[in-house]
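Single-letter residue listing:
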Amino acid sequence: MTILGIFLGMVGPWQIGLIVLVVLLLFGGKKIPEMMRGLGGGIKEFKKASKDEEDDSKLEEKN
């Protein structure tokens, strides 16, 4: 069994709700969309960089 499987087996709907509540209390409702937008932008940049690196390696193989 993987660590992820063990972790997901231990976290139920009440624990997830509690985590969401704590995050809302710490950061507030206005700050969370801004944080998620930043996270999404970071993921998009990571995917773009990975794709560019993959394209570069394919060009080097052809030469």
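Scroll up for the structure.
Predicted model only: the values in this text are computed from it and were never measured.

Asks: I'd like to hear about a nonpolar patch on the surface, residue by residue, with values.
Replies: A cluster of nonpolar side chains, namely Leu 18, Ile 19, Leu 21, Val 22, Val 23, Leu 25, Leu 26, Phe 27, Met 35, Met 36, Leu 39 and Ile 43, defines an oily patch on the protein surface of about 1100 Å² accessible area. Secondary-structure elements contributing two or more residues to the nonpolar patch are helix 2 (13-27) and helix 3 (31-62). The dominant element in the nonpolar patch, judged by the number of residues it contributes, is helix 2, at eight residues. Position of Leu 18 among the secondary structure elements: in helix 2.

Asks: Explain helix 2 to me, using residue names and the numbers behind them.
Replies: In this model helix 2 runs 21 Å from its N-terminal to its C-terminal C-alpha over 15 residues, within 8% of the 21 Å that 1.5 Å per residue would give. Just past helix 2, the residue Gly 28 takes up positive phi, approximately 85°.

Basis of the calculations
Residues numbered from 1 in each chain as written. Predicted model: local features only at pLDDT ≥ 70, side-chain atom pairs only at ≥ 80, totals over all residues. Heavy atoms only, no water. Patch = residues over 30% accessible without salt bridge, like charges linked within 9 Å, V, L, I, M, F, W, Y side chains within 5 Å. Areas by Shrake-Rupley, 256 points an atom, 1.4 Å probe, with all protein chains shown as cover. Salt bridge = Lys/Arg side-chain N within 4 Å of Asp/Glu carboxyl O. Helix = DSSP H or I, 4+ residues; strand = E, 2+ residues; numbered from the N terminus. Expected span 1.5 Å × (residues − 1).

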